[in-house]
Amino acid sequence: MTKFIFVTGGVVSSLGKGITAASVAAILEARGLKVTMTKMDPYINIDPGTMSPFQHGEVFVTEDGAETDLDLGYYERFLRHSKMTQRNNFTSGRIYSAVIEKERRGDYLGGTVQVIPHITDEIKARIRASGEGYDIAMIEIGGTVGDIESLPFMEAVRQMQVELGRNNAMLMHLTLVPYIASAGESKTKPTQHSVKELRSIGLQPDVLICRSEHAISDDNRLKIASFTNVEQRAVILCPDAKSIYQIPSILHAQHLDDLICERFGLDTPEADLSDWHQFTQALLNTQETVTVAMVGKYVELPDAYKSINEALLHAGVANNVKVNIDYVDAEKLENDDSLFEHIKAADAVLVPGGFGERGTLGKMKAIRYARENNVPYLGICLGMQLAVIEFARNVLGLDANSTEFDKKTKAPLIGLITEWFDEKGELQLRSDASDLGGTMRLGAQKAELVEDSKLRQIYGSPVITERHRHRYEMNGRYIEQLENAGMKISGYSAKQHLVESVEIANHPWYVAVQFHPEFTSQPRGGHPLFNSFVAAAKQTKK
Ligand code: GLN
């Protein structure tokens, strides 16, 4: 039977609930258990797919094409053996819409449809489904205890704890122990209050994880335990660490995993965290640095590029360097020459994915510089589309654009996937197509890599699987022209033969891909494409 660990947060948001939950999961996995994780988000949007990265950070895409909360990225980076799916993230909006759909169909046979039991039953069914086939399912509840909107989730958790029993369910609560500088003391009161708040809705935490800036004294730990009715050894301290990847070791050192296994009656070997130690040692001890200029639209909020930031960090460890990311505002770059100095000073340039026209000229200016000056360039999704447009404009002399930005462009190098094939069976993209609905290419897809391409050499394989999230595609009509001028197509999608990647042969490292390699980068090992990109940046520096 699957054991459930519910994770709530108190006092304030942004304490790193996702990372902490993922760290617990990583230790349990290191004890040989099969672990999965789910995030429940209390907002009304059906999924984060339509939400601005400015508000909510990046949208993480799963193998099966779900557009999810960025916490799922942490889950996959911390777990080695479990992949996230559609089942692992759901919102209040998704729950309500499912219940309302059933009501309209008449499934409730004329009954009054209510939060309890109908909404809570729907939540419980999804929690149970998400844990099927696993030893442990960690269930993270978004938001902070006391929020009105997370109440139905909390109530569902309360009911499930009773239904599952003490041996199969436990509650972990993450809180903040603030340090008051003027008093020179850490304060436990917010934690006490937050547990009181939990108790008022019938939830008693089994474990408290106390986040703090400073170390917390034994006295305070004892005080927290006695005021909250939590065993002293279950009050786990988690002071700020240099790297999030140290957290599994910090929790393991306090025997949190022993406590969980004891409670659930699980007899497993000790956790072997040597690979985590190795990774964090390498991460914290690197001296040499390289700088990657990342030219994007959402640069004020680095969370918007979370998976790319992590992938570069992993690739840094794989190459024994620290990667500094210099975020450059694409829109400002269009006219600001002093900002352009950042591009010139960087060891490599990266243009990430994005939607909409704003900032595209700035991005192309950076791409052109990298192309003409032999600076390593990695283009991801929109970063590939703009690389193709930049090349078509400045090398082929075409009045090129994407129909995303100019519906009537004379040279639609990039267009929508509507009416892909003409009567001869050749790929054609209509430049006037405007139907955006349901045309998104989402999730993992196979690509075939061209022999002798740099990309094939990088991956060391003729076929790869990578995740997608885009509507527009490169227009097959221009392949010949591009190739004759030196831009090579290095990969095609296995299914529709759409262009997956381009490169420039007489450039030391210029690779742009239509997919998102960042979603599959792992701390333990990195990702071939990012590893090779950072290696090239390191080479440039020398
Ligand atoms: N806006 C582009 C498209 O929809 C690129 C999307 C992306 O970069 N993820 O195709």
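- The protein is annotated in an unreviewed UniProt entry as CTP synthase from Faucicola osloensis.
- UniProt, in the comment section headed Pathway (unreviewed entry), describes the protein in these words: "Pyrimidine metabolism; CTP biosynthesis via de novo pathway; CTP from UDP: step 2/2."

Structural notes on the packing of aromatic side chains
Right, so step 1: Counted according to the given criterion, the structure contains eleven aromatic pairs.
Right, so step 2: An angle of 50 degrees between the planes, with centres 5.3 Å apart, marks the rings of Trp 509 and Phe 533 as tilted. In this pair, Trp 509 sits in the loop between β22 (499–504) and β23 (510–513) while Phe 533 sits in helix α19 (residues 528–541), placing the two residues 24 residues apart along the sequence.
Right, so step 3: Looking at Trp 509, the relative accessible area reads 3%, which means it is buried.
Right, so step 4: An aromatic cluster of three or more residues is present, and its members are Phe 78, Tyr 245, Trp 276 and Phe 279.
Right, so step 5: The residue whose ring lies beneath Lys 34 is Tyr 134, and the NZ or CZ to ring-centre distance is 4.8 Å.
Right, so step 6: One cation-aromatic arrangement involves Arg 77 over Tyr 74; the distance from NZ or CZ to the ring centre is 4.8 Å.

Quick word on unusual backbone geometry
Right, so step 1: At the junction of Ile 116 and Pro 117, the peptide bond is cis and its omega measures out at 15 degrees in the coordinates.
Right, so step 2: Within the secondary structure layout, Pro 117 lies in helix α5 (residues 115–131).
Right, so step 3: The backbone of Asn 374 sits at a positive phi, close to 55 degrees, despite the residue not being glycine.
Right, so step 4: A relative accessible area of 41% places Asn 374 in the partly exposed class.
Right, so step 5: Backbone geometry places Asp 452, a non-glycine residue, at a positive phi of 70 degrees.
Right, so step 6: On the secondary structure map, Asp 452 appears in the loop between β18 (441–449) and α17 (454–459).

Structural notes on the sheet that holds strand β11 (residues 235–239)
Right, so step 1: Spatial ordering of the open sheet is given by β5-β2-β6-β1-β7-β10-β11, a layout of seven strands whose pairing is parallel. Since the sheet does not close on itself, it has two edges, and those belong to β5 (89–91) and β11, each with one partner. Adjacent strand axes in the sheet meet at a mean angle of 20 degrees, parallel and antiparallel pairs treated alike.
Right, so step 2: Judged from the five bridges that link them, strand β10 (residues 207–212) and β11 form a sheet pairing that is parallel. In the strand pairing of β11, Ile 209 is matched with Ile 236.
Right, so step 3: Together, β2 (35–41) and β5 form the strand contacts of helix α4 (residues 92–105), whose direction differs from that of β5 by roughly 70 degrees.
Right, so step 4: Packed on one face of the sheet, helix α7 (residues 189–200) meets β1 (3–9), β7 (169–176) and β10 and runs near 145 degrees to β7.

What to know about helix α11 (residues 274–285)
Note that an α-helix has 3.6 residues per turn; residues three or four places apart therefore point the same way.
Right, so step 1: Along its twelve residues, α11 runs 16 Å from first to last C-alpha, staying within 8% of the 16 Å computed at 1.5 Å per residue.
Right, so step 2: Those residues of α11 that are buried are in contact with α1 (17–29), α3 (71–78), α9 (247–253) and α12 (306–318).

Some thoughts on the site of the ligand
Right, so step 1: Around the ligand, the structure places Gly 353, Gly 354, Phe 355, Cys 381, Leu 382, Gln 385, Glu 404, Arg 469, His 470, Arg 471, Tyr 472 and His 516.
Right, so step 2: Contact distances for the ligand include 3.1 Å between an oxygen atom and a side-chain N or O atom of Gln 385.
Right, so step 3: Measuring from a nitrogen atom of the ligand, one finds a side-chain N or O atom of His 516 at 3.3 Å.
Right, so step 4: Considered on its own, the ligand offers 290 Å² of accessible surface; in the complex 98% of this is hidden by protein.
Right, so step 5: For the shell around the ligand, the elements supplying multiple residues, two or more each, are α16 (382–394) and β19 (463–470).
Right, so step 6: Across the shell around the ligand, the residue classes tally to four nonpolar, five polar and three charged.

Here we look at the pattern of salt bridges
Any two side chains of opposite charge can pair, on the condition that their charged atoms come close.
Right, so step 1: A full pass over the atoms with the stated rule returns 35 salt bridges.
Right, so step 2: Between Glu 163 and Arg 128 there is a salt bridge, with its nearest N and O atoms 2.9 Å apart. Placement of Glu 163 in helix α6 (residues 151–164) and of Arg 128 in helix α5 is noted, with a sequence separation of 35 residues between them.
Right, so step 3: Assessed through its relative accessible area of 35%, Arg 128 is described here as partly exposed.

Comments concerning a nonpolar patch on the surface
Right, so step 1: Judged by side-chain polarity, Tyr 96, Ile 100, Val 115 and Ile 116 come together as a nonpolar surface patch covering roughly 330 Å² of accessible area.
Right, so step 2: Of all elements in the fold, only α4 and α5 reach the threshold of two or more residues within the nonpolar patch.
Right, so step 3: Relative to the elements of secondary structure, Val 115 occurs in helix α5.
Right, so step 4: A relative accessible area of 37% means that Val 115 is categorised as partly exposed.

Quick look at the UniProt feature "binding site: ATP" (unreviewed entry) in the protein
Right, so step 1: The UniProt feature table records "binding site: ATP" (unreviewed entry) at Ser 14, Leu 15, Gly 16, Lys 17, Gly 18, Ile 19, Asp 71 and Ala 241. Checking the named residues against the largest pocket, the ones that line it are Ser 14, Leu 15, Gly 16, Lys 17, Gly 18, Ile 19, Asp 71 and Ala 241.
Right, so step 2: Here Gly 16 shows up in the loop between β1 and α1.
Right, so step 3: Its relative accessible area of 24% is what places Gly 16 among the partly exposed residues.

Describing the layout of surface pockets
Right, so step 1: Here the largest pocket is characterised by a volume of approximately 850 Å³.
Right, so step 2: Ser 13, Ser 14, Leu 15, Gly 16 and Asp 71 are, among the 39 residues lining the largest pocket, the residues nearest its centre.
Right, so step 3: For the lining of the largest pocket, the secondary-structure elements that each account for two or more residues are α1, β2, α2 (53–56) and α3.
Right, so step 4: It is α1 that provides the largest number of residues to the lining of the largest pocket, a total of four residues.
Right, so step 5: Within the lining of the largest pocket, the residues separate by chemical class into 13 nonpolar, 14 polar and twelve charged.
Right, so step 6: Counted as a void, the second largest pocket has a volume near 570 Å³.
Right, so step 7: Around the second largest pocket, the lining comprises 31 residues; the ones closest to its centre are Pro 53, Val 59, Gly 354, Phe 355 and Arg 469.
Right, so step 8: Residues belonging to the lining of the second largest pocket are distributed by class as follows: 16 nonpolar, eight polar and seven charged.

Regarding the environment of Ile 116
Right, so step 1: The topology assignment puts Ile 116 in helix α5.
Right, so step 2: On the basis of relative accessible area, Ile 116 is assigned to the partly exposed category, the value being 47%.
Right, so step 3: Excluding residues that lie within four positions of it along the chain, Ile 116 makes contacts with Glu 155 and Gln 159.

As for the sheet that holds strand β20 (residues 472–474)
Right, so step 1: Taken together, three strands build an open sheet; the order of strands is β16-β17-β20 and the sheet is mixed. Each edge of the open sheet carries a strand with a single partner, namely β16 (400–402) and β20. On average, each strand axis in the sheet is tilted by 30 degrees relative to the strand beside it, whichever way the strands run.
Right, so step 2: For strand β17 (residues 411–416) and β20, the ladder comprises three bridges, and the chain directions are antiparallel. Bridged to Ile 414 within β20 is Met 474.

Analysis parameters
Residues numbered from 1 in each chain as written. Predicted model: local features only at pLDDT ≥ 70, side-chain atom pairs only at ≥ 80, totals over all residues. Heavy atoms only, no water. UniProt positions renumbered as here; feature names shortened; annotations may be inferred. Phe/Tyr/Trp six-rings, centres within 6.5 Å; stacked < 30°, edge-to-face > 60°. Helix = DSSP H or I, 4+ residues; strand = E, 2+ residues; numbered from the N terminus. Buried < 20%, exposed > 50% of the residue type's maximum accessible area, 1.4 Å probe, protein only. Lys NZ or Arg CZ within 6 Å of the ring centre and 35° of its normal. Pairing = 2+ DSSP bridges. Axes fitted to C-alpha atoms, helices over the stretch in contact; angles between N-to-C directions. Contact = heavy atoms within 4.5 Å. Expected span 1.5 Å × (residues − 1). Near = heavy atom within 4 Å. Polar contact = N/O pair within 3.5 Å; in protein donor to acceptor, adjacent residues only side chain to side chain. Areas by Shrake-Rupley, 256 points an atom, 1.4 Å probe, with all protein chains shown as cover. Nonpolar A, V, L, I, M, F, W, Y, C, P; charged D, E, K, R; others polar. Salt bridge = Lys/Arg side-chain N within 4 Å of Asp/Glu carboxyl O. Patch = residues over 30% accessible without salt bridge, like charges linked within 9 Å, V, L, I, M, F, W, Y side chains within 5 Å. 1 Å grid on protein atoms, 1.4 Å probe; cavity = no way out; pocket = protein on both sides within 12 Å on 5 of 7 lines; lining within 4 Å. Points joined across faces, edges and corners; volume = space filled by probe spheres on them.

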